[in-house]
Every structure is written in structure tokens, then in C-alpha cells.
Amino acid sequence: MALKILTVDDSKTIRMIVKKAFKSFDCQLFEAENGVEGLAIAAKEIPDLIVLDITMPVMNGIEMLGKLKSEDALKNIPVIMLTAESGKDNVLQIVKMGVKDYIVKPFKGEQLIERAVGIIKLQDKGAEGQDEDKVSRMFTVDGDVQRLAVPDKIGRAVIVEIDGYLQSRLKEMQEVGVNKFILDLTKVTEVNVSLIKLIISIIQKCQNNSIPIRIVGAQSLANELKQLQETGDITIFPSVGDAKASF
């Protein structure tokens, strides 16, 4: 069943950013221009997540948040607040009121999705509950080497699924004598925050389990990763064969 996402903001541009951010996920989007409209839609639809701006006419976001928290039927709906840089003083207040997270404007859709996946379980459109199967098919074993081949196009929610699936997979590897790991990024063409977090998380998990890891990727990807502080020291092998030979 599609998740219901309500965005409440008087800016049409911001509502469009939110709409585009959730476009690739199985979500039903609702929009409101102020807190009064937002409350009415929230009461009718009971959304799974509300993206709520602080500064709005008629009823602002803090007022709407207060009314949400005062209604038994609405108080448990998770809320991500949007605030301008100049409105950072409101952060402590909204945190005390029970918001799940907040984002300072301007922001990118990717930032919003990264916050959302920590609150709700986003599903790629058409996946119909098959994310786990999709993720498991990315893992293949060749002798004593576990390979994770990340596809070119992958939803941010699936990246979170990979990270969650990996821990149990590492335990299974040790039980069957698979003691090496290759992260294959050959098909990946875009470096983003989610990918960086995934790479670092996998490296840390392998190290914690005393499993040597090698990373494979195109030269263009290697060059881009070298420029980042988090991944600048990571060796990127040009092929799976080269990575295997290095163990």
C-alpha cells in the first residue's frame, strides 16, 4: 500500500521539490499551503509523514504542530520540519514538541529522502514488497569471495536495505567459509551522499568482522571518490579480477 506524504508549505517551489523527491517511491502526495489546510488534510488522510514548513500565513508550522500533538488521532504522525537559516532559533522548540527531524532551507530532495528513510520505510515504485529479494540478488558467492554488485539505478531506500541486509549476510559468510568481500561499483555512475555512507558502512562492518574488503569501480568513479575526504584514501580496483588477485 502506498505511503501517504503530506507537504505543508506556502511555497509552490518547495512543494514541487518534495513532490519530485518522493516521485520514484510508492507514495501518494498531498499538498497544503498553510497550517489550516494541512490540518484538514491530515485529519482526513492520516498521512504516514508530514513535511511541514515553519513560516506560513494563516497558521504557521509551529501552530499546526501544536494542534497535531493535541489530537489523539494525529499526535503520532511523524513530522519533518522545514526552517530557514534565520529560523534556527525555533529548532529547540520544535524538538521539544516532538518533531522527528528538521531540515534547513534551501535543501535538495536527496537530503529529504535521507531523513525520511530514517523514519518511514520507503518502497520503490513497482517493487511490491520485493526489496529484500532485490537486495539478496545483488549478493553472489565465488569460492571464498562474497561479491556485492550495486546496480546503476538504485533507490535510496534500497541502499538502506542493503546496509541492513549486510550484517546478517556477514554472519552467514563466516559460517560457510566465505572470508573475503568485494564491493562492485562498476555500474555506478553517480556519487551521492547515500552511496558514500553505504561504502563507509560496508567497510566498517567488514573490518568489525575481520573480513578483508576490496572495492571495484570505473576510473571516473575512482577519481570522484578520491576528491572526497571520506573516501580519498580508499583504493578502487578497475576490475573484479584485479580485486581478487589483491587478496
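Further up the page is the structure itself.
Thresholds, definitions, all that
- Residues numbered from 1 in each chain as written.
- Predicted model: local features only at pLDDT ≥ 70, side-chain atom pairs only at ≥ 80, totals over all residues.
- Heavy atoms only, no water.
- Pairing = 2+ DSSP bridges.
- Helix = DSSP H or I, 4+ residues; strand = E, 2+ residues; numbered from the N terminus.
- Contact = heavy atoms within 4.5 Å.
- Axes fitted to C-alpha atoms, helices over the stretch in contact; angles between N-to-C directions.
- Core = buried A, V, L, I, M, F, W, Y, C linked by side-chain atoms within 4.5 Å.
- Buried < 20%, exposed > 50% of the residue type's maximum accessible area, 1.4 Å probe, protein only.
- Parallel < 35°, antiparallel > 145°, perpendicular 65-115°, else oblique.
- Left-handed = near helix turned anticlockwise from the far one by under 90°.
- Phe/Tyr/Trp six-rings, centres within 6.5 Å; stacked < 30°, edge-to-face > 60°.
- 1 Å grid on protein atoms, 1.4 Å probe; cavity = no way out; pocket = protein on both sides within 12 Å on 5 of 7 lines; lining within 4 Å.
- Points joined across faces, edges and corners; volume = space filled by probe spheres on them.
- Nonpolar A, V, L, I, M, F, W, Y, C, P; charged D, E, K, R; others polar.

What follows concerns the sheet that holds strand β6 (residues 139-142). An order of β6-β7-β8-β9-β10 is seen for the 5 strands of this open sheet, with the pairing classed as mixed. Strands with a single pairing partner mark the edges of an open sheet, and in this sheet they are β6 and β10 (236-237). Summarising the sheet, strand β9 (residues 213-216) and β10 pair through 2 bridges and their orientation is parallel. Directly across from Val216, in β10, lies its bridge partner Phe237. Across the sheet, helix α8 (residues 193-208) is in contact with β7 (145-149), β8 (180-184) and β9; its angle to β9 comes to roughly 155°.

A few words on the nonpolar core. Leu148, Phe181, Leu183, Leu185, Ile199 and Ile202 are the most contacted members of the largest nonpolar core, which totals 32 residues. Among the secondary structure elements, those contributing two or more residues to this core are α7 (156-175), β8, α8, β9 and α9 (219-226). No other element matches α8, which puts 7 residues into this core. The residues touching Leu185, leaving out its near neighbours within four places in the chain, are Val150, Leu195, Ile199, Ile215, Val216, Gly217 and Leu221. Grouped together as the second largest cluster of nonpolar side chains are 21 residues, Val8, Leu52, Met64 and Met81 included.

A few words now on the packing of helix α1 (residues 12-21) against helix α5 (residues 109-116). The N-to-C vectors of α1 and α5 enclose an angle of 60°; their axes lie 9 Å apart at closest approach. Judged on the interaxial angle alone, α5 and α1 are oblique. Relative to α5, the crossing made by α1 is right-handed. Across from Ile17, Val18 and Ala21 in α1, the residues of α5 making contact are Gly109, Leu112 and Ile113.

This part covers the packing of aromatic side chains. The tally for this structure, following the rule as stated, stands at 1 aromatic pair. Their ring planes at 50° and their centres at 5.1 Å tell us that Phe139 and Tyr165 sit as a pair that is tilted. Of this pair, Phe139 sits in strand β6 while Tyr165 sits in helix α7, and the two are 26 residues apart along the sequence. Judged by relative accessible area, which is 8%, Phe139 ranks as buried. Classification of Tyr165 as partly exposed rests on a relative accessible area of 22%.

Computed from the structure, the second largest pocket encloses a volume of approximately 170 Å³. Lining the second largest pocket are 10 residues, and of these Val117, Ile159, Val160, Ser194 and Lys197 sit closest to its centre. Residue assignment for the lining of the second largest pocket shows that the elements contributing at least two residues are α7 and α8. For the lining of the second largest pocket, the class distribution of residues is 4 nonpolar, 2 polar and 4 charged.

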